[in-house]
Each structure stands twice: as C-alpha cells, then as structure tokens.
There are 2 protein chains.
Amino acid sequence: MDLDLIRSLVVAQTTKIVLLSADGLGGFPHPDTGRSELETATLPHLDALARRGSCGLIRHVGPGITPGSGPGHLGLFGYDPVRFPVGRGVLEALGIDFDLRPGDVAARGNFCTVDGQGRITDRRAGRISTERSVELVDRLRPIRLPGVEVFVEPVKEHRFVLVLRGPGLSGRLSETDPQVVGQPPRPVHAEAPEAAVTAELVNRFVDEAGRRLADATPANMLLLRGFDQLPVLPRFPEIFGLRAAAIAAYPMYRGLARLVGMDVLKTGATFAEEVATLEAHWDTYDFLFLHYKDTDKAGEDGDFAGKVAALERLDSHLPAITALGPDVLVVTGDHASPAVLRGHSWHPVPVALASQWAFTDAVERFSERACAGGCLGLVPAHHLMPLVMAHALRLTKYGA
Amino acid sequence: MDLDLIRSLVVAQTTKIVLLSADGLGGFPHPDTGRSELETATLPHLDALARRGSCGLIRHVGPGITPGSGPGHLGLFGYDPVRFPVGRGVLEALGIDFDLRPGDVAARGNFCTVDGQGRITDRRAGRISTERSVELVDRLRPIRLPGVEVFVEPVKEHRFVLVLRGPGLSGRLSETDPQVVGQPPRPVHAEAPEAAVTAELVNRFVDEAGRRLADATPANMLLLRGFDQLPVLPRFPEIFGLRAAAIAAYPMYRGLARLVGMDVLKTGATFAEEVATLEAHWDTYDFLFLHYKDTDKAGEDGDFAGKVAALERLDSHLPAITALGPDVLVVTGDHASPAVLRGHSWHPVPVALASQWAFTDAVERFSERACAGGCLGLVPAHHLMPLVMAHALRLTKYGA
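Residues numbered from 1 in each chain as written. Chains lettered and ligands numbered in written order. Predicted model: local features only at pLDDT ≥ 70, side-chain atom pairs only at ≥ 80, totals over all residues. Heavy atoms only, no water.

**Student:** Tell me about the overall build of chain A, residues and numbers included.
**Tutor:** When helices and strands are counted, chain A shows 14 helices and 13 strands. Expected size for 400 residues packed as a compact globule is a radius of gyration near 21 Å; at 22 Å, chain A falls within 12% of this value. Taking all 400 residues of chain A together, 58% fall into the buried category. Of the contacts formed within chain A by residues at least 6 apart in sequence, a portion of 74% connects residues at least 24 apart. Surface exposure of chain A reaches about 15,300 Å², of which carbon and sulfur atoms provide 51%. Side chains of chain A give 41 positive and 48 negative charges; the mean places of these two sets differ by 2 Å. (Helix = DSSP H or I, 4+ residues; strand = E, 2+ residues; numbered from the N terminus. Rg over C-alpha atoms; globule rule 2.2 N^0.38 Å. Buried < 20%, exposed > 50% of the residue type's maximum accessible area, 1.4 Å probe, protein only. Contact = heavy atoms within 4.5 Å. Areas by Shrake-Rupley, 256 points an atom, 1.4 Å probe, with all protein chains shown as cover. Lys, Arg positive; Asp, Glu negative; His and termini not counted. Charge placed at Lys NZ, Arg CZ, Asp CG, Glu CD.)

Given below as structure tokens:
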C-alpha cells in the first residue's frame, strides 16, 4: 500500500483502535499430537474474538521469508518492511533502550575467538556469559576516536552494540565478520564514498579493541556487522491521523514504536501491568499498540508447553481489553515462532479483527489452520493498518 | 518477490528439493459428470501427498491470463514471467532443441497462402503436413544474407523457425503477420533504431522466400512473428544457491531450464526413464525439476479420458519419487489445459507442497476445488520457489 494514498483518505473520527501483537504468535504442530500451540491451548476469549471478527493469515515480508521482530512489527504498523529496511545495528540498539539519535551509526558486535595468527576459531567466543561480556565491554568503553563519541553497550552473552556519534558519519559499511572460521576478521570498507571516514574510524576502533582483548581468551577479538543509521520513516501519527501510543515491556518494541513516531508509555514488566497502562491512558489515545512477549520467548526456547501456557495467560487478559470497548481490536503477531523450530519461521500468522463493521466468517477457533479459512485471506502485514482504519471508519472514499 | 532479496537470505544446507511439473495439470469439469479430470482420476498417491502437505492454487502470470508453457515454467522457477518476458521465436527455437546462442535473433514462422495480388487467403496454408513443410524449409535454407548466418528449421505442420546469427542484430522488430486475411504480409520494421539493419535483412529474406515459394501453393508465402533474442536471466543456481538439474523428455522444457542455468540431464522419452534419471543423479543435485508432458497433450487434444489416464499414470510413479526422501516435494503444473477447452486456460493450477515443515491443512484430495481450500491460498507461481526454499530451511531471517 502507498502510505501517501492512505494519508490522503484519512478523516477525523473518535473511534478507538487496539493492536495487540503476541510476539512469535504462530506455531507448528507438535509431532505427537498433530496440533499446534494455538490448537492445543484453551483460548475461550480469543476463540470468541475469532468467531465475531474477520480472520485471516498475515505474511510480514514475503512468501517463505522469516521476519525478524523489527520488520515484523514495521509491517504491522503499516510499513512494507522491504521498502523500509532497518539495519541490525539499529535494531540491536533499540533492543537495549539505547538513546540512538539521528546520524548515529550503530553496529551489532560479537566477541569472538582468534588463534595466534588472528584467524577466527569461534565466531561467538563460546557464547561467554553476559557477566563476562559486561567486563569486556568495560575494557572497550575507554577507546577514543577523533571527532566522534564512542559508545559500547553489552546486550546478552557474546553480543554488544557499538555506536559512533558525530557529524558526517555514514552506515554504508561492510561487515568485519567473514561468516566462517579459519579466516581473520575483515577490515571494514566503505560501501559509498561518504562512508570513507567512518570506515577508517571503525577500523581504528577494531585495532585498539584487539589490543585490549588480547589476553581475554576465549573472547580475544570482536566482529562487527549490521552497520546502519536510524532510518527516516514516515510518521505513523501523521499518516493515519491517530494519536498513537505503544505499551511494551521490552525495549526493542518501544524502540520500533518510537521510530515511527508513536508515544511510548511507561509500563511495568508484566502483561497485567501493560493492560493497566492501557486502561490508564484509554482516553488520551486513538490507537494503542500492546505487545506481549511470552509467546515468542517460549517458542524460541523450544518450550511447546510453555508457549501453550503463555497463550492461555494472554487469553485470560483479553476480557480486560475488550471491556474498554475498542471500536477495532486486532490480535495478531509479528512472526511465527514454532516451538518445534526453536526460533522464528516463515509460516503466516493468524489474525482476528473484531469490529462492528467486520464481516463475521466461519472461523470458530483462533489458530493457524482455522484462520486460513477466514474472510481476510492471506494478507501482507502492511495491508492490515488500512483495513484497521477502514473498520474504524477513518478512511473516506477513493474517487467520486 | 525480489530475487536479490531472496539471494541475500540463502544459507547453505544439504536438503533436497524435487519440483514435479505436470504440464497442463489443471482441468475443468466434464459437462456430464461435473467433475474435472483430477476429480475423476483415481490418484491415491497424489491425494496422500495433498493430505500430508500444504495445498493451494498457483496463478502463473496474472488473474485471468492464460500462460504459455514458457512463462508458466519461468514462474515455477521463481521468475515473474511479466518481468522476464521470453519471445515466442526464442521459445519455438528452444522447443526444437535448436542451439540458440546469445545475440541470435529467432522468429516463429508460418507458411501461408496468398492470392494473385499477394493478399493472404489462409494464414496457415491449410495446415500443410510436417513432411511438406520440411520440403519447403529445404527450399529456404539456401537463402544467403550479407554478414549473417541464416537457419531455417521445421517445427510441425505449417510452422518453422527462422534464426539469424551475426554481430549487431536486434530482435526489436514488428511482425509480418497482419493477423487477418485479405491483406498482404507486412514488411518488418525496426521498433528501435538498433534494429534497422536486422529489419532490412529480414525483409530481404522474406522477398527471396516469396520467390522460392511462388509455385508451392497453398504454402506460397510465409509470415514471421515473435522476433526475439535470448533474454539474460538471473541464474537459478546462483539466486537460490542450489545445484539444480532438469529432467525433461521434451526439448522446450530442457531449453527453459538451460535458459535459467540449470544443468540438463540426459534422459529417455518416457516418464519412467525420467524417474530413473532422477534416481541416478540423486546425490549430485540439491534441486531436481521433473517434467511430465502427457497431461498437457491429452488436454490439448480434448481427450478427457486420456487426461484422466495420464494423471493416473503420473500417480503410479509418485512412490518412486517419494522413496528418495526429498526434503521438499512439490507437485504442480505450468498452466491448466482443460480437455473441454482443448488448450491452455487461465484457471489456477493445484499445488501440493510436502515437507516436514509444511502445515498440514484440511485438503484431502489433489484437485482444483480441494486445493482451493488449502493453507497456501492462491499463490503467484513465482512465490513458490521462496516457499520451497523456506521449507527446505535454506533461507535465513530477514532483519533482526
């Protein structure tokens, strides 16, 4: 969808919209039962929502393509994630609530192991503990580069974020990770003329870091990839004419919402606290994005039963949301995370869109297979927001 | 899908993929029974594949558009046939195993009948026999043109192929066929400045051919259309990172596979021999394209019972293919060829994709109507390869 076209059709309205994204919602059948996590869970409220709403399946990036959480959510927010790519360094920085600013260059870092000849022997340094990683990051923080500020922040295990801040930087840089063992890390090179200075700065950082890490085996070197700057995205509140807020316990999702211009509301660590935040701000916003993380965590851990339980917990919170009387309530996810695959997958994700103006279809259960028969069909994720806007009676006619 | 995006996500894997294209697979209900060829045939193995796989319908070019075999197969190979057009002259040359080389200009030729004033009275010269056509082609072979080689090759009945080979040729030429009787054949004109020389050469060929055919009534003239050169297509093995081979008894399909860079395996004239070739080369390739022709032949002949029998023969070979244990097995076709229409049609074509990671849906039969309810939905043909790659676990995540 062309966002300018949508923007040109937006009309003033007082209707309220809730978009609930259950992270990694989609699953896959358990080999013993032939039933997916959604098909195994007891979900009276989600099933009721599916019965009274229009259902379908969401595909976030393209056929067969497994979405990361960044592209997955950008799709749900109405942005075609292929037209609006966001670099991994930026996503990693958003994921730790780093205050990334326009012009900053962020990269995703790994500690790795190199041998006496400088050749990589383990690209993840044996997945050192987060505690150890924090110590090593502290060794790197004092590194100074001319004309720019340097930030090094730990993420988890062997992962960290590098951010350079200063004038005239560019993220058009190659990565240092050769993606295979047996080779030394590669020097960064500029992929555009304007990135030459940044490339030189990064290479100086890597040299100095190598010296500071030399005795820290197995984490005696580092790899950098996914260099990028904050993208300039059309602002969600302006495209859709919505006072929009995000409620998310995890930093990555707050960062993505901030990236598109939503207000980010202070909330607690649990979904119950997120729902309380929703209630508290109900009058102030037209559009509220609510993020539920537990489904993805269990899926990525390969914990089928844990994912079933996470779904059932989510279901138990649904009445509190519907009690607020949103004019449009959409429940879907940013990608599938089947427990049997222990990670994200390409399988399309169920969606239920409930509203006075949603055609009820024959779908009786909120599951992958049931929603495949719904009247929304298989929808690219960035088609969802226009559909939501229409059901909220917030779009006027195209042409006379 | 953007092939560059797919290419950027490909990861190394050892999984094996078989794509079985039953030419003209889709059919249409017989007026006496209300059942299509697929619905009439007894297909225990294809039905079992539909039950254990994900099913859907494939649309090759666009809604309502009847695909030729060329675009139909390019779609299955992952190329949007509208973005990657292949001229009819090129397809005709591939169809007779002509060794068409880059830069050659190929055209599809018809013998036709003209009256004393040179006006066309029959655009197909009464569909003269192939034998007669071969004699007439022999009259044309000696024609010489300055600076280029000339090839004239018979195809079938009134059809032949003209190929010019030499430096600086262009296929941007209008056709000589006015598409109606009562008018004389048109001279070729250049549709781009660089085609001026080629246009002049072709017009000289046509003049000389007219002289040589003058006494050969009813085939006393010829018509040329579909001028084109071999297109430059992104190479299939490089896009998808697959050692890819094609097994096809018919030259057209070998030519199409060669065009995208697949290896073409020597095989016999029967499908049993094709399956034996598949078995013999199983270890050497990651991706094997297998072509079955009989379904299309029967459909084009309007032979409903013959198409049912062709489907049942195909079904009987399926166990030999599944016994090899492909990680992904896809069965579909390049277009529909309903017997009641005696030719290709625009109706979408069933697809069944079987893999450990394919969602089983409610589809119990491999037929047009049953597959319409499958969880793949109605899929553009060029979306199939990314889906196949995903199910073979050969694509990594997009974004973090």
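**Student:** Requested: an account of the interface of chain B and chain A, with residues and values cited.
**Tutor:** Taken together, the contact between chain B and chain A spans 23 residues of the former and 32 residues of the latter. Carbon and sulfur atoms make up 72% of the area that chain B and chain A hide from each other, which totals about 2,100 Å². Counting across the chain B and chain A interface gives zero salt bridges. Taken together, the connections running from chain B to chain A amount to five residue pairs in polar contact (both at pLDDT 80 or more). (Buried area = accessible area lost by both parts, 1.4 Å probe. Salt bridge = Lys/Arg side-chain N within 4 Å of Asp/Glu carboxyl O. Polar contact = N/O pair within 3.5 Å; in protein donor to acceptor, adjacent residues only side chain to side chain.)

**Student:** Can you break down the relation of the copies chain B and chain A residue by residue, with the values?
**Tutor:** You can overlay chain B on chain A at an RMSD of 0.1 Å; the transform is a turn of 124 degrees with a shift of 0.4 Å along its axis. The transformation relating the two chain copies, once decomposed into turn and shift, fits a three-fold axis. Nearest to the rotation axis, the C-alpha of Gly373 of chain B is located 4.0 Å from it, this being the minimum over chain B. (Least-squares fit on C-alpha atoms with pLDDT ≥ 70 in both.)

**Student:** Describe the sheet that holds strand S13 (residues 377-380) of chain A, and please don't skip the residues or the numbers.
**Tutor:** Residues and elements named next belong to chain A. A sheet is described by the order of its strands in space; here eight strands give the open sequence S9-S8-S10-S1-S11-S12-S2-S13, paired in mixed fashion. The outermost strands of the open sheet, each flanked by one partner alone, are strand S9 (263-264) and S13. Strand direction decides the pairing type here: strand S1 (residues 17-22) and strand S10 (residues 287-292), joined by six bridges, are parallel. From the neighbouring strand, Leu19 faces S10, where its bridge partner is Phe289. (Pairing = 2+ DSSP bridges.)

**Student:** Could you give an account of the pattern of salt bridges, naming the residues involved and the relevant values?
**Tutor:** All chains considered together, the criterion is met by 48 salt bridges over all chains. The partner of Asp4 of chain A in a salt bridge is Arg7 of chain A, with the nearest N and O atoms 3.8 Å apart. Here Asp4 of chain A and its partner Arg7 of chain A are both found in helix H1 (residues 3-9), three residues apart, which amounts to about one turn of the helix. Residue Arg212 of chain B pairs with Glu208 of chain B through a salt bridge whose shortest N-O separation is 2.7 Å. Of this pair, Arg212 of chain B and Glu208 of chain B both sit in helix H7 (residues 196-213), four residues apart, which is roughly one turn of the helix. On the accessibility criterion, Glu208 of chain B (22% relative accessible area) is partly exposed. Ionic contacts of the salt-bridge type, sharing partners, join the residues Glu92, Arg108 and Arg159 of chain A into one network.

**Student:** Break down helix H3 (residues 44-52) of chain A for me, citing the residues and quoting the values.
**Tutor:** Along H3 of chain A, the positions that sit buried rather than exposed are Leu46, Asp47, Leu49 and Ala50 of chain A. Viewed end-on, H3 of chain A has its buried residues packed into an arc of 155 degrees, placing them on one side of the element. (Arc of directions from axis to C-beta.)

**Student:** Summarise the packing of H3 of chain A against helix H12 (residues 304-322) of chain A; cite the residues concerned and give the values.
**Tutor:** Residues and elements named next belong to chain A. Where H3 meets H12, the closest approach of the two axes is 7 Å, and the angle between their N-to-C directions is 55 degrees. Of the possible angle classes, the one that applies to H3 and H12 is oblique. Note on element contacts: H12 touches H3 through Leu314, Asp315, Ser316, Leu318, Pro319 and Thr322, opposite Pro44, His45, Leu46, Leu49 and Arg52. Classifying every residue of the contact of H3 with H12 by side-chain character gives six nonpolar, three polar and two charged. (Axes fitted to C-alpha atoms, helices over the stretch in contact; angles between N-to-C directions. Parallel < 35°, antiparallel > 145°, perpendicular 65-115°, else oblique. Nonpolar A, V, L, I, M, F, W, Y, C, P; charged D, E, K, R; others polar.)

**Student:** Tell me about the side chain of Asp47 of chain A, residues and numbers included.
**Tutor:** Residue placement: Asp47 of chain A occurs in helix H3. Once residues lying within four places of it in the same chain are set aside, the contact partners of Asp47 of chain A are Glu364, Arg365 and Phe366 of chain A.

**Student:** Explain a nonpolar patch on the surface to me, using residue names and the numbers behind them.
**Tutor:** On the surface, a cluster of nonpolar side chains totalling about 360 Å² of accessible area is made up of Phe28, Val340, Leu341 and Trp346 of chain B. For Val340 of chain B, the position within the fold is in the loop between strand S11 (328-332) and strand S12 (349-355). (Patch = residues over 30% accessible without salt bridge, like charges linked within 9 Å, V, L, I, M, F, W, Y side chains within 5 Å.)

**Student:** An account of the packing of aromatic side chains is needed here, citing residue identities and associated values.
**Tutor:** Aromatic rings considered in pairs are described by the distance between their centres and by the relative angle of their planes. Per the stated rule, a full pass over the model turns up 18 aromatic pairs over all chains. Plain terms: the ring middles of Tyr79 of chain A and Phe84 of chain A are 5.6 Å apart, the flat faces sit at 85 degrees to each other, and that makes the pair edge-to-face. Judged on exposure class, the residue Tyr79 of chain A and its partner Phe84 of chain A are both buried. On the numbers, 4.8 Å between centres and 55 degrees between planes, the contact of Phe236 of chain B with Phe287 of chain B is tilted. Here the residue Phe236 of chain B occupies a position in helix H8 (residues 236-240), and Phe287 of chain B occupies one in strand S10 (residues 287-292), the gap between them amounting to 51 residues. (Phe/Tyr/Trp six-rings, centres within 6.5 Å; stacked < 30°, edge-to-face > 60°.)

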